[in-house]
Structures are given as structure tokens and as C-alpha cells.
Amino acid sequence: MMNLKGFQNLIKTPDFTTASNLEVLILEGCTKLVDIHLSIGVLKSLKLLNLRDYRSLRTLPTKIGMESLETLIPSGCSSLIRFPEINGKMERLSSLRKLKLRDCNLGEGDIPRDISCLSSLTDLGLSDCKMLKSLPELPSIKEVWIDGCSSLEVVPSPLICNPVYGATVKAISCFKLAENINALTLLEKHLKAFANSRKPFDIVKPGSEIPEWFGQQKSGSSIKIPQPINLRNDSQWIGVACCCIFVDDDASSEIISCNGSILYRNFQQATHKLYRDRSRGGKVKKCGIRIVYEKDLKEIKEL
């Protein structure tokens, strides 16, 4: 183990070639360290690499082949300009479940396309990567956090679909993305791809109006509608779609959230209370709801 956390005067790392048994390397908060020796990429015994708040880090090796790596923490590496390609069999990593790249200064092409090979990945955090313009194809993910990615314009379609866990896209302050694609379009693509998963799908993005497609609308954080007769026995019924507008306490923008509780079969659960006091202290201004049938997918496409 090598723990260099907070070494403010460290300006370079040694050649790691002779450290073949190194399992834990912590470089958190080494603010003056600019580059890491390329030999780090072949540390086959390394299990944990902590680079949190390593704010001067500009590059990592172009390729990494750390076969034992289980945990990689690059959060806060705001000067990082390129994420390395995965070389060889990093079987413990392809097992990586969470990857957080918040405030890493990633730009166009900096996320390798082979990220889609991380089949166990469930949570991807890319918040505040302000230079990022597009996302590559992703594996089936539970949560994608792209808050503050103000230059982001293009995302895969469908962005994420996890038939086991459901899915959440959180894109607060992604105003360019909101201009290019609306929540209903994302919802439609999700339903077509995973209509039988019966799991929730949430989209949180900038917006100020609930689409007219949500026929039942009401001010405030609660809405109820009567359950249609024999709804549960209707083979054409898909579920319930919900939408709300809420204001984030620490930002002046309004956010629209389209909830894939369209996939809930529990009607009462979906309609009883809608997003009361949403995440980050958001105050709900208005909410809408719609019972969705298969024929409604065509109507979404025509909007």
C-alpha cells in the first residue's frame, strides 16, 4: 500500500515497474502532481486507485491493463483531458458497478467507446463535465447523473434502459440537451425498447411546462384520478405516466420530470402522491398524469 494523500509538495511519482505487488495507491489531494508515471498502467496487482481531488492531473496512460483493479476514483480531477482505453482483460473492472467522473473536465471523445463493455456498470456519474458534448453508447445502466454538463447535446437512444432495476436520467442544468430532445421522446424510446420490464423510468431535465399529452394536470404536489373500470384486465393498458414541474432551491431554473411509473402496474402507488418535496429540496409547482395504452405511443411520436 502507498498512501500519499494530501502530499502538497509531491511533483512526480516514481517508476512503478518494480512495485509489482502494489495493491492500493492513494494520490488524493496531491494538488501539485501533474502527471503519473506511465508504468502505473501495468500494475497487475493494483486493486484500488484513488485520485480524488487530484486537480492538476492532466493525463493518465493512454491504455491501462490493471488486471486486478476493482475501484477507480477520479472524482474532482478537473484538469483531466483524457480517460484511458481499457487494454487486455480487466475482469475485475468489465465487474465495475459505479463510476464517478464528476468535475473531470472531460471533453469530446474523452470517454472511450468501449465503456459499453462494462456489463456490470449500474451507476455512471458525469456531473459538471462542462466540456462534454456527447455520450457514447452505454451498457444497460440504472442511473446516469449528468447534472451541470452544460455543453452536452447528444446522448445515445435510448439513453439507458435497465429491465431489472429501472432507470433514472438526471440532467439538471443540461439546457442544450433539453433543446435537442424532449422528455416524451426519451420516454417513448424507453417504452419501445423495454415495454415489458415493468420498472420505473425517470427523466429530470430543464423545462417549465407540462406537455399537453398529460391530460390530467393540477397545481401543487398531489394529484388523484379515478381508476377506470376493469383497467387491470385491459390487455392494451401499459401503465401510468407522471410528470411534474419543480423548482430547485439552489437554482432559479425549473425542471421537468417524466416518470416511467408508466411501467408500474400498481395504479394506486403511481397516483396517490406525486413527487412530494423532490430531491435536493425541490418544491413541486404542478403535476400531471396520464393512463397509457399501447395506442398512445403513436400519439407521442406525432407530438
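Model, not experiment: these values are computed from the prediction.

Visitor: An account of the overall build of the chain is needed here, citing residue identities and associated values.
Guide: When helices and strands are counted, the chain shows four helices and 15 strands. Split into buried and exposed, the 303 residues of the chain put 50% on the buried side.

Visitor: Summarise the layout of surface pockets; cite the residues concerned and give the values.
Guide: The method is simple in principle: a probe with the dimensions of a water molecule rolls over the atoms, and the space it marks as empty is what remains. Approximately 220 Å³ is the volume found for the second largest pocket. Around the second largest pocket, the lining comprises 13 residues; the ones closest to its centre are Lys-100, Leu-124, Gly-125, Ser-127 and Trp-145. Mapped by element, the contributors of at least two residues to the lining of the second largest pocket are β7 (98-100), β8 (123-125) and β9 (143-145). Residues of the lining of the second largest pocket, tallied by class, amount to four nonpolar, three polar and six charged.

Visitor: Please provide a residue-by-residue account of the pattern of salt bridges, values included.
Guide: Overall, the coordinates contain four salt bridges when judged by the stated rule. Across the salt bridge formed by Glu-28 and Arg-52, the nearest N and O atoms sit 3.7 Å from each other. Here the residue Glu-28 occupies a position in the loop between β2 (24-26) and β3 (48-50), and Arg-52 occupies one in the loop between β3 and β4 (63-64), the gap between them amounting to 24 residues. Notably, a salt bridge pairs Lys-130 with Asp-128, separated by 4.0 Å at the nearest N-O pair.

Visitor: Summarise the pairing of strand β15 (residues 283-293); cite the residues concerned and give the values.
Guide: Most of β15 sits inside the fold, with eight of its 11 residues counted as buried. Bridge count between strand β12 (residues 216-219) and β15: four bridges; the pairing is antiparallel. If you follow Lys-218 over to β15, its bridge partner there is Cys-287. For strand β13 (residues 237-247) and β15, the ladder comprises 10 bridges, and the chain directions are antiparallel. Residue pairing in the sheet places Trp-237 in a bridge with Tyr-293 of β15.

Visitor: Would you mind going over the confidence of the model for the chain in detail, with residue names and values included?
Guide: Mean pLDDT for the chain: 76, with 77% of residues reaching 70 or above. Of all the helices and strands in the chain, helix α3 (residues 267-271) carries the lowest mean pLDDT, 46, while β2 carries the highest, 93. The low-confidence segment residues 261-277, where pLDDT is below 50, has 66 contacts with residues more than four positions distant or belonging to other chains.

Visitor: How would you explain the packing of aromatic side chains if you had to name every residue and give the values?
Guide: Taken as a whole, this structure holds one aromatic pair when the rule is applied. Ring centres 5.0 Å apart and planes at 90 degrees place the aromatic pair Trp-213 and Phe-214 in the edge-to-face group. Both residues of the pair, Trp-213 and Phe-214, count as buried.

Visitor: Please give an account of the sheet that holds strand β1 (residues 2-3) that cites residues and values.
Guide: Pairing is parallel across the open sheet formed by four strands, whose spatial order is β1-β2-β3-β5. The sheet is open, and its two borders are formed by β1 and β5 (71-73), each paired with just one other strand. Looking at chain direction, β3 and β5 are connected through three bridges and run parallel. Counterpart to Leu-49 in the pairing with β5 is Leu-72.

Visitor: Explain the nonpolar core to me, using residue names and the numbers behind them.
Guide: The biggest cluster of nonpolar side chains holds 65 residues, and the ones touching the most others in it are Leu-27 and Ile-146. Non-local contacts of Leu-27, meaning those with residues more than four positions away in its chain, are made with Leu-4, Leu-10, Thr-13, Leu-33, Ile-36, Asn-50, Leu-51 and Tyr-54. Membership of the second largest hydrophobic core comes to 15 residues, among which are Leu-231, Phe-246, Cys-287 and Ile-291.

Visitor: Tell me what's going on with a positive patch on the surface, and back it up with residues and numbers.
Guide: Taken together, the side chains of Arg-97, Lys-98, Lys-100 and Lys-142 make up a positively charged region of the molecular surface. Counting through the fold element by element, Lys-100 comes out in strand β7. Accessibility expressed as a relative area gives 54% for Lys-100, which makes it exposed.

Visitor: So what's going on with the side chain of Arg-290? Which residues, and what values?
Guide: Among the secondary structure elements, Arg-290 is positioned in strand β15. Judged by relative accessible area, Arg-290 falls into the buried class, the value being 16%. A distance of 2.7 Å separates a polar side-chain atom of Arg-290 from the backbone oxygen of Trp-213.

Visitor: Can you tell me about the environment of Leu-72, naming the residues and giving the values?
Guide: Counting through the fold element by element, Leu-72 comes out in strand β5. It is 9.4 Å that separates the C-alpha atoms of Leu-72 and Arg-52, two residues lying 20 residues apart in sequence.

Visitor: Can you explain unusual backbone geometry? Please cite residues and give values.
Guide: When glycine is set aside, most residues are seen to have a negative phi, and most peptide bonds are trans. The phi torsion at Asp-128 lies on the positive side, around 65 degrees, for a residue other than glycine. Relative to the helices and strands, Asp-128 is located in the loop between β8 and β9. A relative accessible area of 22% places Asp-128 in the partly exposed class. Positioned with a positive phi, Ser-173 is a non-glycine residue whose angle comes to about 70 degrees.

Calculation notes
- Residues numbered from 1 in each chain as written.
- Predicted model: local features only at pLDDT ≥ 70, side-chain atom pairs only at ≥ 80, totals over all residues.
- Heavy atoms only, no water.
- Helix = DSSP H or I, 4+ residues; strand = E, 2+ residues; numbered from the N terminus.
- Buried < 20%, exposed > 50% of the residue type's maximum accessible area, 1.4 Å probe, protein only.
- 1 Å grid on protein atoms, 1.4 Å probe; cavity = no way out; pocket = protein on both sides within 12 Å on 5 of 7 lines; lining within 4 Å.
- Points joined across faces, edges and corners; volume = space filled by probe spheres on them.
- Nonpolar A, V, L, I, M, F, W, Y, C, P; charged D, E, K, R; others polar.
- Salt bridge = Lys/Arg side-chain N within 4 Å of Asp/Glu carboxyl O.
- Pairing = 2+ DSSP bridges.
- pLDDT = per-residue confidence, 0-100.
- Contact = heavy atoms within 4.5 Å.
- Phe/Tyr/Trp six-rings, centres within 6.5 Å; stacked < 30°, edge-to-face > 60°.
- Core = buried A, V, L, I, M, F, W, Y, C linked by side-chain atoms within 4.5 Å.
- Patch = residues over 30% accessible without salt bridge, like charges linked within 9 Å, V, L, I, M, F, W, Y side chains within 5 Å.
- Areas by Shrake-Rupley, 256 points an atom, 1.4 Å probe, with all protein chains shown as cover.
- Lys, Arg positive; Asp, Glu negative; His and termini not counted.
- Charge placed at Lys NZ, Arg CZ, Asp CG, Glu CD.
- Polar contact = N/O pair within 3.5 Å; in protein donor to acceptor, adjacent residues only side chain to side chain.

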